[in-house]
Structures are given as C-alpha cells and as structure tokens.
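For reference, the chains in residue letters:
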Amino acid sequence: RFLFSIKRWVLASPRRSIGLMRLVSRDELARHATKDDLWIALHGLVYDVTAFAPEHPGGGDLIYAVAGQQASDDFEDALHSTAARQETKISLKGILEGCEEEVARWKAAGWDETMGIPDPEKLENKSSMLPKLAFGIAIMVPAIALIIWQSQRRRA
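What this report covers is the structure whose coordinates are included nearby.

Parameters at a glance
- Residues numbered from 1 in each chain as written.
- Predicted model: local features only at pLDDT ≥ 70, side-chain atom pairs only at ≥ 80, totals over all residues.
- Heavy atoms only, no water.
- Core = buried A, V, L, I, M, F, W, Y, C linked by side-chain atoms within 4.5 Å.
- Buried < 20%, exposed > 50% of the residue type's maximum accessible area, 1.4 Å probe, protein only.
- Helix = DSSP H or I, 4+ residues; strand = E, 2+ residues; numbered from the N terminus.
- Patch = residues over 30% accessible without salt bridge, like charges linked within 9 Å, V, L, I, M, F, W, Y side chains within 5 Å.
- Areas by Shrake-Rupley, 256 points an atom, 1.4 Å probe, with all protein chains shown as cover.
- Salt bridge = Lys/Arg side-chain N within 4 Å of Asp/Glu carboxyl O.

Thoughts on the nonpolar core
The biggest cluster of nonpolar side chains holds 23 residues, and the ones touching the most others in it are Leu42, Leu45, Tyr47, Val49 and Trp111. Going through the elements one at a time, β2 (20-24), β4 (37-42), β5 (45-48) and α6 (100-108) are the ones with two or more residues in this core. With seven residues, the next largest nonpolar core counts Val24, Trp39, Leu96 and Cys99 among its residues.

Right under this line is the structure:
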C-alpha cells in the first residue's frame, strides 16, 4: 500500500525542487465531469475549473463540453491570453498519467506552477532561442577580445 502511494506522486521538476505533483489517472479525470466538480487536462496538467466555469467569458458551456477530458487543442484554438492562463479560480491538481515527460519538457523550457497554464508557443520559442543565444555569445566574446587586443596594440 505504501509503494502504491509513492507511485501516485511524481517530481514536478527534474531541474528544480518545487515539490511533488500528484499523478492523476485518466479514469480519475473522467470522474470529475459535472458542473459541481469539473476538471480538465491542459498540456499534461490537470486543473480544477469548477469555480471558474460559470464565469468563463465565452460561457460555461464551452468548459462543460470538455469536462473530465484532455482539452489542450480546444484551449489553444481559443487563443487564450497570459492573463487567462493565470486565472486564480483555476487550481492545479496534478499531472495527467502518461504526460510526465511532456510536463518535464515544460519545466525544462522554464515553466513552473506559478505561471499558470503553459503556453507551448512561447515555451517552444524560448527553448529554441537558447542555442541561438549561446552561438551569439560564442561569436561575440572572441570578437570583443580581438577588438580590445587591437586597441591596446595600437596604443603601444
């Protein structure tokens, strides 16, 4: 029984020690599909949206239609803002079972729980910029050193 309990929790971050996040099975997600108890999965993370659904700007029916399901595509199709991703009436319940690697990728790209619902487009752009930034720095440092060396050589 103790070992089973351990399996239901996974590290939230392979790089940072933010704590443990509960692992939520697809069956458990599906059981939270009523107006009074409403969970949805977005980008591998499970959120309780019960308190927010009636106040959703597009109407609660949009959320009720995806109750207890993976709803990432529907969510992204609506082009939600950063503010919408950080809605305070939405609470993170855990990681959807089978999506641990996806959440680890969000974490590696710089996402954490305080940022709300991950924005894949921004996170993927951010992570794709890192190699370019490293290359730019690798070019700039020797160039600056050469300029300094030449200016000192001219003074001498």
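Structure shown, so let's carry the discussion forward.
A look at a nonpolar patch on the surface
On the surface, a nonpolar cluster with roughly 280 Å² of combined accessible area is contributed by Met140, Ile144 and Ile148. Following the sequence through the fold, isoleucine 144 ends up in helix α7 (residues 120-155).

Things to note about the pattern of salt bridges
What the rule picks out here adds up to five salt bridges. Between arginine 22 and glutamate 28 there is a salt bridge whose closest N-O contact spans 2.5 Å. One salt bridge in this structure joins arginine 85 and aspartate 119, with 3.6 Å as the shortest N-O distance. Here the residue arginine 85 occupies a position in helix α5 (residues 82-85), and aspartate 119 occupies one in the loop between α6 and α7, the gap between them amounting to 34 residues. Owing to a relative accessible area of 5%, arginine 85 belongs among the buried residues under this scheme.

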